[in-house]
Every structure is written in structure tokens, then in C-alpha cells.
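Architecture and fold: a report
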Amino acid sequence: MKDICCIGHITRDRIITPLQTVYMSGGTSFYFAYAFSHLPKEVSFQLVTKVGSDSMQTISDMQRAGIDVMVYPSRETVFFENKYGANQNDRTQRVLAKADPFTAEEMQNLDAKIFHLGTLLADDISADVVRLLSQKGRISIDAQGYLREVRGENVFATDWHDKLSILSFCDILKVNEQEMLAITGLSDPRQAARQLAEWGVKEVLVTLGSEGSIILSEGQFYDIPAYEPRRIADATGCGDTYSAGYLYCRSLGEGFEEAGKFAAAMCTLKLEHSGPFDRTVDEVKKIVMSK
């Protein structure tokens, strides 16, 4: 049995800016797995993903990095195109290829204490699959993918189909400000967290960017600070890094506040460079101790 099993598609990304076009791998599971690979092996980890034949080199690279990867074949790999204008907030996103959804049959032989579901699109992991996994272990969900619907090649924000059913099986949920508003209709983070708890979530994590994050569990709020980075290079994958750090600490038996601070410090280090988290635990702890 693994302590943590992350389930999610790895993507092929094409990033177009006025200056250049860059191709890279990505996705929730990609950033989560690499972040976890730089933490001590006191917590066992496995990644379960699904890609087309064109992405097997990415899988080989991850395995060489020491990541335990179980890969299922898909007709295609998820292919995102993000096109930016001169203003970085001006982004057009398209999905040029979709991977096959995960099935209950593929989940039958998985065995873990926590399953972290890193969806990219609304139909990646169905309520039936979540229900099955909840009978095996605790469920952790990153909400972002459940709020993206693809029509043709275009991505549209959508309400979370089957959210009440899925959240009833969810032990740990991570959302940012936009996601909590889309799911609950509430703009106040504490009110939104309480609503999510009423729907069945045991540990609600709301990330608030430079304002830090809040954690709600067992009726108590924990305020987690944001640690200032030396520079901001790339925020891609910060939420996944937060989830990795939080679940790692919770698996070691650490409290909510300690886990949140560790996760926030990992995000600070991730912000300082492009690509997935690649620093050490000592560097993370040094940031936590600095504030």
C-alpha cells in the first residue's frame, strides 16, 4: 500500500507569447509528482497517469527521476495551447487533444491511504470512480479540472457537474479564490469554506495568492501566511506544489497549521523558477522559520 497515490493526466503544453513559442510537459499530476520526488522518502508515493504513445519519453524521464509511475495507454495525450498577448492576463486557451478518461476498472488494483485526484478537464474522473476510490482510502481533490469544459477546441468555465455527489466522498479539497466562487457562489473565503464543509469536505484548503491560505477542519480555521519570494519567475504548478507539501506533512501526522506552512514555503521556492519544484526540505524549513 502506498501512502499517497496521485491520479491525473500529464499534458503536452504549447505556450505562445509575443516573443516565443515553447513546448513543455505539464498538468496537475506532473507538478505534484515532481514536487513529491524532492521530499524525503518517509512517505511512499505513486503516480497513475494516462498518455498517448507520443508522451512515453516524458514517462521515462519521470521514472529516471525516481518517480513510481503507473501508466495506462490513451489514444492521445491532453494537449493544451495557451496563447498570451502583450498583457499576460490576456490569454486564449485551447485543448487540441484530449486523453481518455480514467475508468473504474483501472482503479481496481490501486491501494493507497490517500488518493489525490488531479483533474484537468471536467470528465477526467467520474463520480463513480471517486466513489470506488473512497472505499479504498481518503480522497483529496484539486478542483480546477472539474470546472473546465471543452467544446470543440475551446475551454469554458463551468459549474461542477455532480459536485455534491463527489464532495460527499471528499476528505481534502483544495481551491483558489476563483474556484471557490464558481463552486459555492460565495466570495468570502471563510463563508465558502464553511459551505464546502457542510457539503461533506473534512479539510478545506483555500489558497489566496499573496494573501496566504486558510484551512478549515473540524470547525476551526487556520491562517497560513504567504512567504515572500526573492523573485517571481513562474506561478505554474504552485497549487500542485502546495497540495504535495500539505499531503506529505499530513501523512507524517503533522497538524493542519504545520502542514499549511510547509506547503506555503514550498510554493515560495517554486515561484522563484520555471518548471516543477526542485528544492530541498532544509530550504523549505528555513523559509518557515524565517517568519
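This text follows the structure it describes.
Here's what I pulled together on the structure shown here.

The rules behind the values
- Residues numbered from 1 in each chain as written.
- Predicted model: local features only at pLDDT ≥ 70, side-chain atom pairs only at ≥ 80, totals over all residues.
- Heavy atoms only, no water.
- Axes fitted to C-alpha atoms, helices over the stretch in contact; angles between N-to-C directions.
- Helix = DSSP H or I, 4+ residues; strand = E, 2+ residues; numbered from the N terminus.
- Parallel < 35°, antiparallel > 145°, perpendicular 65-115°, else oblique.
- Left-handed = near helix turned anticlockwise from the far one by under 90°.
- Contact = heavy atoms within 4.5 Å.
- Nonpolar A, V, L, I, M, F, W, Y, C, P; charged D, E, K, R; others polar.
- Core = buried A, V, L, I, M, F, W, Y, C linked by side-chain atoms within 4.5 Å.
- Buried < 20%, exposed > 50% of the residue type's maximum accessible area, 1.4 Å probe, protein only.
- Pairing = 2+ DSSP bridges.

To continue, consider the packing of helix H1 (residues 28-37) against helix H2 (residues 56-64). Close contact between H1 and H2 brings their axes to 11 Å; oriented N to C, the two are set at 20 degrees. The angle between H1 and H2 falls in the class roughly parallel. Classified by chirality, the crossing of H2 by H1 is left-handed. Of the residues in H2, those in contact with Phe 30, Ala 33 and Tyr 34 of H1 are Thr 58, Asp 61 and Met 62. Tallied by class, residues from the contact of H1 with H2 come to four nonpolar, one polar and one charged.

Once that is clear, we can look at the nonpolar core. Counting residues in hydrophobic clusters, the biggest one holds 45 residues, and the most contacted among them are Phe 45, Leu 47, Met 62 and Tyr 246. Of all elements in the fold, only strand S1 (2-7), H1, strand S4 (45-51), H2, strand S15 (220-224), helix H8 (238-251), helix H9 (256-271) and helix H10 (281-289) reach the threshold of two or more residues within this core. Looking at which element gives the most residues to this core, the answer is H9, with nine residues. Not counting chain neighbours up to four residues away, the residues in contact with Phe 45 comprise Lys 2, Ile 4, Cys 6, Phe 32, Ala 33, Phe 36, Ile 67 and Asp 68. If you look at the next biggest cluster of nonpolar residues, it comprises 39 residues, including Ala 112, Leu 132, Ile 141 and Met 180.

Pairing in this open sheet of nine strands is mixed, and the strands run S5-S4-S1-S8-S9-S12-S13-S14-S15 from one edge to the other. Two strands lie at the open edges of the sheet, namely strand S5 (69-73) and S15, each paired on one side alone. In this sheet, adjacent strand axes meet at a mean angle of 15 degrees when their direction is disregarded. Bridge count for strand S9 (residues 138-142) against strand S12 (residues 172-176) is three bridges, and the pairing is parallel. Paired with Asp 142 across the bridge in S12 is Lys 174. Here helix H6 (residues 177-184) sits on the sheet and contacts S12 and strand S13 (203-207); the angle it forms with S12, its principal contact strand, is near 110 degrees.

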